[in-house]
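What follows is the residue order along each chain.
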Amino acid sequence: GSTTISLFCRVSASQEAYEDVQWTSDSNSHPPWLRFHLNISRWQLYLHRDPNMEPLTQQLATHRIVSAVQKSGGTQLKLVMSFPNYGQAMLKPMKQERDEETNYNLYYFSDFERHNAEIAAFHLDRILGYRRVPPVAGRLVDVVKEIKDITTDRKLARTFFTSPVGNVCFYGQCSYYCSTEHAVCGRPRHLEASLAVMLPDLSLASRRTWRSPWRRSYSRSKLAKWETEPDYCSTVKKTPPYDKGTRLVDFMDMVILDFLMGNMDRHHYETFEKFGNNTFLLHLDNGRAFGRHSKDEPSILAPLEQCCRIRRSTWLRLRLLSLPQYRLSDVMRASLFSDPLHRVAPLLSEPHLAALN
């Protein structure tokens, strides 16, 4: 329909690893990832109480992996994993222990991407009622069986080695932290990772990238315009697409999400082209969130302070989540409990959960 992304598939299994596909127009014949794609609408990625969410996250966590290749672009190591039913997921490996805080001397643009931040961001976004982060699940991946042995990516395969204590490690190729000093290692071959459902291919559902008006300078010495001009918001409010529709309050929703999870790295955001300017913002790439719990970062809230605009439903949700019986930390703890990696260790340490209140 006009408010959903539509795509039809006819696929024959060319490789033994993949299932033979017989999808019809009946959604019951579709795998969970395709159902997810077809249900994306103008205002959200998935439905409130979506019956497809359970099978979708279940497959991310347990489905057999038939291919693993490095994703090009981006600054840090990430892999595209494929499943027998042609679904794909973006894997981000564990880079930091749960209780480690980001070094205070590091700039936000040098921080690690954390797998547990990607998982926690999906849960927080859903709790806030946004539904703008693609579903993510944690998984314990066998780096030998599920990456090294099945990859067709020669550049990735060349970076595998065994550490002095017998752990299987790899580092891939990228512009930040892809070296033997920053290798990702299994214990001895099991690696924690986040797997996020891939959005529809750009050839089927093109996306537009927007530069954030409150983007940081990404410089060690320069300040951004919004940091020096107190009346900066009045300029933004006169500039399309912020001058009409819901774009400004949509942006504020994202600001609130970023403040709660301490994400300073929101330089761009994306929307689906098909829906024009009147649509939700995708909250992608949240790996640099949840780096510090001991200190809030008030500058993330600059757009909210300067514009003093908030969506009514968001304001009401935040008020609800401040009540003792619906404390955000408690709701997050309960939500994260459902992730498969919770069995290994809680996905957010208690100080991080407490910092949400």
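Basis of the calculations
Residues numbered from 1 in each chain as written. Predicted model: local features only at pLDDT ≥ 70, side-chain atom pairs only at ≥ 80, totals over all residues. Heavy atoms only, no water. UniProt positions renumbered as here; feature names shortened; annotations may be inferred. Buried < 20%, exposed > 50% of the residue type's maximum accessible area, 1.4 Å probe, protein only. Helix = DSSP H or I, 4+ residues; strand = E, 2+ residues; numbered from the N terminus. Arc of directions from axis to C-beta. Contact = heavy atoms within 4.5 Å. Polar contact = N/O pair within 3.5 Å; in protein donor to acceptor, adjacent residues only side chain to side chain. Axes fitted to C-alpha atoms, helices over the stretch in contact; angles between N-to-C directions. Parallel < 35°, antiparallel > 145°, perpendicular 65-115°, else oblique. Left-handed = near helix turned anticlockwise from the far one by under 90°. Nonpolar A, V, L, I, M, F, W, Y, C, P; charged D, E, K, R; others polar. Patch = residues over 30% accessible without salt bridge, like charges linked within 9 Å, V, L, I, M, F, W, Y side chains within 5 Å. Areas by Shrake-Rupley, 256 points an atom, 1.4 Å probe, with all protein chains shown as cover. Salt bridge = Lys/Arg side-chain N within 4 Å of Asp/Glu carboxyl O. Core = buried A, V, L, I, M, F, W, Y, C linked by side-chain atoms within 4.5 Å. Pairing = 2+ DSSP bridges.

- Going by an unreviewed UniProt entry, the chain carries the name FAM20 C-terminal domain-containing protein and comes from Amphiprion ocellaris.
- Its UniProt record gives the chain the following Sequence similarities (unreviewed entry) comment, quoted word for word: "Belongs to the FAM20 family."
- Regarding the chain, the relevant UniProt record gives this comment under Subcellular location (unreviewed entry): "Golgi apparatus".

Here we look at helix H11 (residues 328–336)
Right, on to step 1. Among the residues of H11, those classed as buried are Leu 328, Ser 329, Met 332, Ser 335 and Leu 336. What you see down the axis of H11 is that its buried residues fit within an arc of 130 degrees, all on one side.
Right, on to step 2. In this structure, the buried residues of H11 make contact with helix H3 (115–127), helix H8 (247–261) and helix H12 (350–355).

Quick look at the side chain of Arg 98
Right, on to step 1. Relative to the elements of secondary structure, Arg 98 occurs in the loop between strand S3 (88–93) and H3.
Right, on to step 2. We classify Arg 98 as buried; its relative accessible area is 12%.
Right, on to step 3. Of the polar contacts made by the side chain of Arg 98, one reaches the side chain of Glu 192; its length is 2.9 Å.
Right, on to step 4. Setting aside residues up to four positions removed in sequence, Arg 98 forms contacts with His 115, Asn 116, Glu 192, Leu 341, Ala 345, Pro 346, Leu 347 and Ser 349.

Re the environment of Ala 345
Right, on to step 1. As for its placement among the helices and strands, Ala 345 is situated in the loop between H11 and H12.
Right, on to step 2. Residue Ala 345 is classed as partly exposed on the basis of its relative accessible area of 23%.

Points about the UniProt feature "binding site: Mn(2+)" (unreviewed entry) in the chain
Right, on to step 1. Under the UniProt annotation, "binding site: Mn(2+)" (unreviewed entry) lies at Glu 113 and Asp 285. Spanning 173 residues, the named residues nonetheless gather at one spot, since no C-alpha pair among them exceeds 8.9 Å.
Right, on to step 2. Not counting residues within four places of it along the chain, the set of residues in contact with Glu 113 comprises Gln 76, Lys 92, Pro 93, Lys 95, Gly 287 and Arg 288.
Right, on to step 3. Within the secondary structure layout, Asp 285 lies in the loop between strand S10 (268–272) and helix H9 (302–307).
Right, on to step 4. For Asp 285, a relative accessible area of 49% corresponds to the partly exposed category.
Right, on to step 5. Ignoring anything within four residues of it in the chain, the contact list for Asp 285 reads Lys 92, Glu 118 and Arg 266.
Right, on to step 6. Only 2.9 Å separates the side chain of Asp 285 from the side chain of Lys 92, close enough to count as a polar contact.

Considerations on the packing of H3 against H8
The geometry of a pair of packed helices is captured by two quantities: the angle between their axes and the separation between those axes.
Right, on to step 1. Running from N to C, H3 and H8 cross one another at 130 degrees; their axes reach a closest spacing of 11 Å. The orientation of H3 relative to H8 falls into the category oblique. Like other packed secondary-structure pairs, H3 and H8 cross with a definite hand, here right-handed. In contact with Ala 121, Leu 124 and Asp 125 of H3, H8 contributes Leu 257, Leu 260 and Met 261.
Right, on to step 2. In terms of residue class, the contact of H3 with H8 is built from five nonpolar, no polar and one charged.

Some words on a nonpolar patch on the surface
Right, on to step 1. On the surface, a nonpolar cluster with roughly 260 Å² of combined accessible area is contributed by Ile 310, Trp 315 and Leu 316.
Right, on to step 2. Examined against the element boundaries, Ile 310 turns out to sit in the loop between H9 and helix H10 (312–320).

Points about the pattern of salt bridges
Right, on to step 1. Tallied over the entire structure, the rule returns 16 salt bridges.
Right, on to step 2. Among the salt bridges present, the one from Asp 258 reaches Arg 266, with a minimum N-O distance of 2.9 Å. Accessibility assignment for this pair places Asp 258 and Arg 266 in one class, buried.
Right, on to step 3. One salt bridge connects Arg 333 with Glu 350, and the closest N-O pair in it is separated by 2.9 Å. With Arg 333 in helix H11 and Glu 350 in helix H12, this pair connects stretches of sequence that are 17 residues apart.
Right, on to step 4. Overall, Arg 333 belongs to the partly exposed group, its relative accessible area being 32%.
Right, on to step 5. Overall, the relative accessible area of 45% leaves Glu 350 in the partly exposed class.
Right, on to step 6. A single network of salt bridges, built from pairs that share partners, joins Lys 92, Glu 113, Glu 118 and Asp 285.

Section: the nonpolar core
Generally speaking, nonpolar side chains in soluble globular proteins are found buried as a group.
Right, on to step 1. In this structure, Leu 124, Ile 147, Phe 170, Phe 290 and Met 332 are the most contacted members of the largest nonpolar core, which totals 69 residues.
Right, on to step 2. Setting aside anything within four residues of it in sequence, one finds Met 332 in contact with Ala 120, His 123, Leu 124, Ile 127, Phe 290, Leu 348, Leu 353 and Leu 356.
Right, on to step 3. Membership of the second largest hydrophobic core comes to 18 residues, among which are Trp 214, Ala 224, Met 254 and Cys 307.

Quick look at the sheet that holds strand S2 (residues 79–82)
Right, on to step 1. What the five strands build is an open sheet, ordered S1-S2-S3-S8-S4; its pairing is antiparallel. Strands at the two margins of the open sheet, each flanked by one partner only, are strand S1 (67–70) and strand S4 (136–142). Looking at each pair of strands side by side, their axes are set apart by 35 degrees on average, direction ignored.
Right, on to step 2. Strands in contact with helix H2 (residues 53–62) are S3, S4 and strand S8 (190–197); relative to S4, the strand with the most contacts, it is inclined by about 20 degrees.
Right, on to step 3. Together, S3, S4 and S8 form the strand contacts of H3, whose direction differs from that of S8 by roughly 40 degrees.

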